[in-house]
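# Architecture at a glance
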Amino acid sequence: MMRFKVFFLSIFWVFFLNTILCAQDSLNQVNIRIHSTKKIHSFYIKSKSTIHVFADSEYVSVLDSVQCSFINPNKFKISTLQGTLIVQQAQFKSDSALALCLNEFGKKYRFYDGYIKCSVLIDSLQLINVIPMESYISGVTEAEGGRRCHYEFYKVQSVLARTYLLRHWFKHKRQNFQLCDQEHCQVYHGKPRNGLVNKAVAYTQGQIIVDSSDQLIVAAFHSNSGGQTANSEWVWGGKTSYLKAVSDSFSMHMPNSNWQKKIKKNDWYQYLKSVYGIVFSADIYQIVNNLKMPTRQSDFIVNNTPISSKRIRTDFKLKSAFFSIMPLGNDDLLFYGRGFGHGVGLSQEGAMCMAKQGLNYKTILHHYFQNVKIMPLQHYHITKP
Ligand SMILES: [Zn+2]
């Protein structure tokens, strides 16, 4: 049944666990839950080098691949060519990156540095990638920034990713990891494919952004500002000293600079009646068919009633809250807008444009974030909430 070669048990195991526990609170490595929105029932791991498997109280070395399958809330199965183990938790390490795919062998793999921990949840498996912080920043920089970007832009994105990580270090504290790998935290798909990313991250190693009170900033970014960024209070309700609307010509003439969407007049009128209680007259029809926003603002005013552009964006699924309206001469209105995303903080397409024009990452960050400082991490201390 069990044909694994057990190299060492208790003494090494205690040492290994202590190493992990000590390192867990250090900033040098982070615990990231991967494939965090998926119900994982099985997965495969392979590597160019030997895979070291620490499963409950046993150590196993595996030369080929490992399959793990959920059994019940207390156990999962580890299968290799040599045999199987039924365990509660396991850790997988290798001298090379670990290639991991879910559920079906041969499907798309993601590659991870560091090591991977597996444990059981009520109805599935949980995977945590324990990884050096800067390697994680590289993965986020490419996943959030894109595969084929400018070197200087990757530096920008890396400083944002590092700042976000540290500001949200305790976001998943109750679940015993720092961040998940989805938009809820920061998108992370493992090792980056573009070598330029690692180079950019190494260049900005340890650099973070703080405000005038030396607090880590909200490292907000969006796809395109449409020519002007938004005040944070227009989007999130709270004023922030460094998240102020700035003029942003760098975001013009980019892929997401403009958008259009047809909306049925009746849908628009019904919406204004039911959500804002607008009472219609001939004048009001004329007004609501021709609302204009030449520069960003939080509300349109109709009959002394503020109509939230942010709420319209959400309710009509618009690309931005920076838009105007014109009638099309039939049953439709044309909503035509600028930018893509909430508009707060850094515009990614604007930053890409600035990078291509030869501006450096610090100039780019200072353009979008007002009165901030870019400083080395060692001068900053994370305090528990
Ligand atoms: Zn999360």
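Residues numbered from 1 in each chain as written. Predicted model: local features only at pLDDT ≥ 70, side-chain atom pairs only at ≥ 80, totals over all residues.

This part is about the overall build of the protein chain. Helices and strands together make up the secondary structure of the protein chain, namely 10 helices and 22 strands. Projected onto its principal axes, the C-alpha coordinates of the protein chain cover approximately 85 × 45 × 35 Å. Across the 385 residues of the protein chain, 37% fall into the buried class. Counting contacts in the protein chain only where the partners sit at least 6 residues apart, residues at least 24 apart contribute 67% of the total. (Helix = DSSP H or I, 4+ residues; strand = E, 2+ residues; numbered from the N terminus. Buried ≥ 20, exposed ≤ 12 C-beta atoms within 10 Å, placed from the backbone. Contact = placed C-beta atoms within 7 Å.)

Let us now look at the nonpolar core. In summary, soluble globular proteins display a tendency toward joint burial of nonpolar side chains. Ranked by internal contacts, the top residues of the largest apolar core, which has 76 residues, are Ile32, Val53 and Ile116. A total of 8 residues in this core trace back to one element, the largest contributor, which is helix 3 (residues 151-167). Look past the residues within four positions of Ile32 in its chain and what remains in contact with it is Ile128, Asn129, Ile131, Tyr136, Phe177, Gln178, Leu179, Asp181 and Tyr188. Membership of the second largest hydrophobic core comes to 6 residues, among which are Phe322, Phe323, Ile325 and Phe335. (Core = buried A, V, L, I, M, F, W, Y, C linked by C-beta atoms within 7 Å.)

When its domains are assigned, the protein chain resolves into domain 1 (10-133) and domain 2 (258-338). Computed over C-alpha atoms only, the centres of domain 1 and domain 2 are separated by 51 Å. (Domains from an automatic or database assignment.)

This part takes up the environment of Asn330. Topologically, Asn330 is positioned in the loop between strand 19 (323-327) and strand 20 (332-338). Once the C-alpha coordinates of Asn330 and Tyr44 are considered, the two residues, 286 residues apart in sequence, prove to be 57 Å apart.

Below, the discussion takes up helix 10 (residues 361-368). Considered for burial, the residues of helix 10 that qualify are Tyr361, Ile364, Leu365 and Tyr368. Projection of helix 10 onto a plane perpendicular to its axis shows the buried side chains occupying an angular sector of 95 degrees, all on one side. (Arc of directions from axis to C-beta.)

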